[in-house]
Each structure stands twice: as structure tokens, then as C-alpha cells.
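Summary of structural features
So you can see what is in the structure, the chains are spelled out below.
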Amino acid sequence: DAGITQSPRYKITETGRQVTLMCHQTWSHSYMFWYRQDLGHGLRLIYYSAAADITDKGEVPDGYVVSRSKTENFPLTLESATRSQTSVYFCASSESDSIYGYTFGSGTRLTVV
Amino acid sequence: AQSVTQPDIHITVSEGASLELRCNYSYGATPYLFWYVQSPGQGLQLLLKYFSGDTLVQGIKGFEAEFKRSQSSFNLRKPSVHWSDAAEYFCAVARLMNTGFQKLVFGTGTRLLVSP
């Protein structure tokens, strides 16, 4: 299917475990982003990528790792999950610049117990 | 730094009544401004955007927004709300990074409740 897909939709993991959230887009958009959404904070940027093999930190990168070996994929890894990382995670993509606006995935709800 | 403020955490509107959601931005130049909507359990969908030109912008689903430089505002409006408009609404501004890339900075959102 065309678009941007995130998997899994829901995930429960234990403190200290490594977990990877997947994001796949079919448009060959250059830019991809990871946001987390928390009550009272809105959406905060974790990491973004301008192209394959080019990534950069956002506002809240600590505890997260990203990679982008292929244009269409942008996985987000929590190296050692903590309860403070319980959140809803959104992946987004953009053609070349944010003036076109972002297209968002449906999100992954992650619970760390 | 560019930022966005949405002063209303939640708003309740009767079905059929008009709606206005407030958004104030902080930016030195002419900003790029956006409104997104998030339905329950869904991702964010772009409603409309403002780059330049006409200060009244039309979007999808019957929404419009007006850019007012003098008030640093970009309020979202709809003349008649439908029950399906119940959702969370986010205002965003594009922020220029050192790399030349512009990233979106979001407000904290306003939850719209629609009463019968």
C-alpha cells in the first residue's frame, strides 16, 4: 500500500529491553522524522533524517538511536527502554522541505512496564 | 526561537455552532504556519498551511485560518461544526535550523469536543 506505515501499532515492553519501532514510506521522500506525543507536551522531535545515511538530533534524542540505510525506512531504537519513554511515537515524511508539510503515520503506542 | 502557543487545552462546541481555535506564534520574519488535525487513534492530517499572500487560507473539511501579523496569530475557524470534527488540533510553525532545513515546531494541541 502507498503511504507511510508504522509497526507495530501497539507494543508493551519491559524496562531495560531494547525495542525497535519501524517506519516505512513509499513516496521516496527525502526527509523523515520521529516524534513522540505526550500529554501537555504536544509533539516533540526525537530525530530526523534528510536522506539515506544522514540523520540528526531533534529536541529529545537521549535514549534513542536511529538509522537510515535506505530512503524508505527509518527505524527508531530504544536501546534500554525506560518508563519515561512510554509514549505514542509518530513517524512522518516530507518531500524536501517542511514548507510542504509532513505526512504522518498512524503511530505506535509504546508502554514500558 | 520560533514557537507556537495554543492557549486552550480543550474547547466544547455545540454541533452546528461556529468554531475558532487560537494559535499564537513567535517568529521574527513571515512564518510558515500549519494546522493539523488528529482524530482518535490516528496520525496527524494536514488541514491547511500559510506561506505568504492572501492572509485567509482555505483548507480541507470546511476549515479556514486567518494570518494576522499584528497579533502574531493564526486562528483556525469553521462556520458550522459537525460531530465528526471532534479531534485534537495542532498548530505548527516552521523553524529554520542551522543546516538550512526547516523543521516543524508544534503547539501542545487543543482538544475539540462537540456536544449534541
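First things first, this report covers the structure right here in the doc.

What follows deals with the side chain of D38(A). All names here are of chain A. Looking at the secondary structure, you find D38 in strand β4 (residues 31–38). By relative accessible area, D38 is classed as buried at 13%. With residues near it in sequence (within four places) discarded, D38 still touches R44, T86 and S87.

Let's shift gears to the pairing of strand β8 (residues 64–68) of chain B. All names here are of chain B. Note: strand β7 (residues 56–58) against β8, 3 bridges, orientation antiparallel. Looking at the pairing, L56 lines up with E66 of β8. Connecting the antiparallel pair β7 and β8 is a turn made up of 5 residues, with K61 showing a positive phi of about 60°. Linking β8 to strand β9 (residues 73–78), which pair antiparallel, is a turn of 4 residues; within it S72 sits at a positive phi near 50°.

In this section: unusual backbone geometry. The linkage connecting S7(A) with the following residue, P8(A), adopts the cis geometry, with an omega of -5°. Positive phi, normally seen in glycine, also occurs at S28(A), with a value near 65°. Inspection of the secondary structure puts S28(A) in the loop between β3 (19–25) and β4. The residue S72(B) is not glycine, and still its phi comes out positive at about 50°.

So, on to the interface of chain A and chain B. By a widely used convention, the size of an interface equals the accessible area lost when the partners come together. Taken together, the contacts link 22 residues of chain A with 22 residues of chain B. Where chain A packs against chain B, one counts 5 residue pairs in polar contact (both at pLDDT 80 or more). Only β4 and β5 (42–51) of chain A provide two or more residues apiece to the side of chain A that touches chain B. Classifying every residue of the side of chain A that touches chain B gives 11 nonpolar, 8 polar and 3 charged.

The next point concerns the state of the cysteines. Residues and elements named next belong to chain A. Per the stated rule, a full pass over the model turns up 2 disulfides over all chains. The disulfide partner of C23 is C91, and the gap between their sulfur atoms is 1.9 Å. Across the S-S bond linking C23 and C91, the dihedral sits near -75°, which makes this disulfide left-handed. With C23 in strand β3 and C91 in strand β9 (residues 87–94), the pair connects residues that are 68 residues apart, well separated along the chain.

Here the focus is the environment of E14(A). Residue and element names in this part refer to chain A. With respect to the element layout, E14 can be found in the loop between β2 (10–13) and β3. Residues E14 and T71 lie 57 residues apart in sequence; the distance between their C-alpha atoms is 31 Å. Not counting the four nearest positions on each side in its chain, E14 is found in contact with A81, V112 and V113.

The rules we used
Each residue is numbered by its place in its chain's sequence as written, counting from 1. All chains are assigned letters beginning with A, and all ligands numbers beginning with 1, in the order in which they are written. This being a predicted model, a pLDDT of at least 70 is required before a residue's local features are given, and a value of 80 or more before pairs of side-chain atoms are given or counted; all residues contribute to the totals for chains, interfaces and linings. As a rule here, side-chain values come from all non-hydrogen atoms in the structure, and water together with hydrogens is ignored. To qualify as a helix, a DSSP run of H or I must reach at least 4 residues; to qualify as a strand, a run of E must reach at least 2; elements of each kind are numbered from the N terminus. Exposure categories follow from relative accessible area, calculated using a 1.4 Å probe and restricted to protein chains: below 20% of the type maximum is buried, above 50% is exposed, and the middle band is partly exposed. Residue contacts are defined here by distance: any two heavy atoms, one from each residue, within 4.5 Å place the two residues in contact. A pair of strands is considered paired only if DSSP assigns at least 2 bridges between the two. Think of a polar contact as two N or O atoms within 3.5 Å of one another; within protein, one of them needs to be a possible hydrogen donor and the other a possible acceptor, and neighboring residues in sequence only count if both atoms come from side chains. Think of it as three bins: nonpolar holds Ala, Val, Leu, Ile, Met, Phe, Trp, Tyr, Cys and Pro, charged holds Asp, Glu, Lys and Arg, and polar takes everything else, Gly as well. Here, a disulfide means two cysteine sulfur atoms that sit within 2.5 Å of each other.

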